[in-house]
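In case you want the letters, here they are:
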Amino acid sequence: MNIVLGHRATQQVVFAGPFGVGKTTALRAVSDIPVSNTDELSSELSQLKNSLGKTTTTVGFDYGEWNFSDGARVGLIGLPSQERFSAMWDMLLPKSSAVVLWLYGNSDDALADCRFWLEALTQRQAVTRLAVALTRLPFDVSEETLAPFRHLTSLYHPLAPVLTADPRQPASVMQAIMVALSTPDAAPFPPPATPPAQQGKSNDEF
Ligand SMILES: Nc1nc2c(ncn2[C@@H]2O[C@H](COP(=O)(O)OP(=O)(O)O)[C@@H](O)[C@H]2O)c(=O)[nH]1
Ligand SMILES: [Mg+2]
């Protein structure tokens, strides 16, 4: 495998979101270089009922690259999901050109996850260009399903789009990247004064 030392990309798009949602999958779907991947076998994960069959977790970050049709290179970074690796979030998020926040659209935890990550991004000045991508939803999902996500996201960035996307489909991932990069630049709001309760949710349960 080629080792990537530095990069040629002029913009960097970060994929963030909960464990198993599809960040590594999305990166692999569109990267035109071999993805540098830091997934490691996790004995903790294989014992967990809700590990969704995954036995590996990203402990550093994934890196790939993608070409715009005009030849511009975009670096793609997949963040580790777990909060215990948040030093990576601190390092990578403030320098990002845009963020795609991947969420499980079909999960009861999705709004809590969305809030958790929007807070984490805001704390690291990473909501200026943002797209929220909901996975595992039908193509013709109702506006009613998307509305709570649109509302919550708008509290952090008034113009950030919320879309449905499939991390396994290159065209879908490309669309999410393009939408994130072209989010109208708006001065991000300060985070809500009293963030809604996390309802006991921990993002570091693995
Ligand atoms: N059925 C279904 N599976 C998906 C979808 N998106 C991702 N996956 C699967 O979920 C898993 C995601 O794993 P991975 O990309 O390693 O997750 P990460 O922890 O976010 O990097 C892979 O097995 C994907 O094939 C989806 O929309 N539908
Ligand atoms: Mg991963």
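Residues numbered from 1 in each chain as written. Chains lettered and ligands numbered in written order. Predicted model: local features only at pLDDT ≥ 70, side-chain atom pairs only at ≥ 80, totals over all residues.

Draft legend 1. Structural context of the overall build of the protein chain. Across its full length, the protein chain holds 6 helices and 8 strands. Intrachain contacts of the protein chain at a sequence separation of at least 6 include 73% that bridge at least 24 residues. (Helix = DSSP H or I, 4+ residues; strand = E, 2+ residues; numbered from the N terminus. Contact = placed C-beta atoms within 7 Å.)

Draft legend 2. Region of interest: the confidence of the model for the protein chain. Across the protein chain, the average pLDDT comes to 85, with 78% of residues at 70 or higher. Ignoring residues within four places in sequence, the model shows residues 198–206, a span with pLDDT below 50, making 20 contacts including any to other chains. (pLDDT = per-residue confidence, 0-100.)

Draft legend 3. Layout of the site of ligand 1. Near ligand 1 there are 16 residues, and of these G22, K23, T24, T25 and T135 occur at the shortest range. Per-element accounting of the shell around ligand 1 gives the leading share, 3 residues, to helix 1 (residues 23–30). Among the residues making up the shell around ligand 1, the classes are represented as 3 nonpolar, 8 polar and 5 charged. (Near = placed C-beta within 6 Å. Nonpolar A, V, L, I, M, F, W, Y, C, P; charged D, E, K, R; others polar.)

Draft legend 4. Quick look at the pairing of strand 1 (residues 11–16). Here 5 bridges tie strand 1 to strand 5 (residues 73–78), and the two strands are oriented parallel to one another. The residue bridging V13 from the neighbouring strand is L76, located in strand 5. Pairing geometry for strand 1 and strand 6 (residues 98–104), over 4 bridges, is parallel. The residue of strand 6 that forms the bridge with V14 is V99. (Pairing = 2+ DSSP bridges.)

Draft legend 5. Highlighting the packing of helix 4 (residues 110–123) against helix 5 (residues 143–154). Where helix 4 meets helix 5, the closest approach of the two axes is 10 Å, and the angle between their N-to-C directions is 20 degrees. When the axes of helix 4 and helix 5 are compared, the pair comes out roughly parallel. Relative to helix 5, the crossing made by helix 4 is right-handed. Counted together, L111, C114, R115 and L118 of helix 4 and P148, F149, L152 and T153 of helix 5 form the full contact between these two elements. A class-by-class count of the residues in the contact of helix 4 with helix 5 yields 6 nonpolar, 1 polar and 1 charged. (Axes fitted to C-alpha atoms, helices over the stretch in contact; angles between N-to-C directions. Parallel < 35°, antiparallel > 145°, perpendicular 65-115°, else oblique. Left-handed = near helix turned anticlockwise from the far one by under 90°.)

Draft legend 6. Structural detail: the packing of helix 1 against helix 6 (residues 170–181). Closest axis-to-axis distance for the helix 1/helix 6 pair is 9 Å, and the angle between their directions is 100 degrees. Between helix 1 and helix 6, the angle falls in the class roughly perpendicular. Contacts between helix 1 and helix 6 involve A26, A29 and V30 on the former and, on the latter, P170, V173 and M174. Of the residues contributing to the contact of helix 1 with helix 6, the split by class is 6 nonpolar, no polar and no charged.

Draft legend 7. Spatial organisation of the sheet that holds strand 4 (residues 62–67). One open sheet accounts for 6 strands, arranged 4-5-1-6-7-8; its pairing is mixed. At either end of the open sheet lies a strand with only one pairing partner, and these are strand 4 and strand 8 (162–164). Strand-to-strand twist in this sheet, taken as the mean axis angle between neighbours without regard to direction, amounts to 25 degrees. Sheet strands touched by helix 6: strand 1, strand 4, strand 5, strand 6, strand 7 (130–135) and strand 8. Its angle to strand 6, the strand with the most contacts, is close to 130 degrees.

Draft legend 8. Structural view of the pairing of strand 7. Of all 6 residues in strand 7, 6 are buried; the element is thus mostly enclosed. Judged by which residues are buried, strand 7 turns out to be covered on both faces: L130, V132 and L134 on one side and A131, A133 and T135 on the other are all buried. Where strand 6 meets strand 7, 6 bridges bridge the pair, whose relative direction is parallel. The residue bridging L103 from the neighbouring strand is L134, located in strand 7. The parallel pair strand 6 and strand 7 is bridged by helix 4, and the resulting crossover is right-handed. Relative to strand 8, strand 7 runs parallel, the two being bridged by 3 bridges. Each bridged residue has a counterpart across the sheet, and for V132 the counterpart in strand 8 is V162. A crossover connection joins strand 7 to the parallel strand 8 through helix 5; in handedness this β-α-β unit is right-handed. (Buried ≥ 20, exposed ≤ 12 C-beta atoms within 10 Å, placed from the backbone. Right-handed = clockwise from strand over helix to strand, strands pointing away.)

Draft legend 9. Region of the structure containing helix 4. Along its 14 residues, helix 4 runs 20 Å from first to last C-alpha, staying within 8% of the 20 Å computed at 1.5 Å per residue. Packed against the buried residues of helix 4 are strand 1, helix 3 (86–92), strand 6, strand 7 and helix 5. In the stretch just after helix 4, Q125 is the one whose phi turns positive, near 50 degrees. (Expected span 1.5 Å × (residues − 1).)

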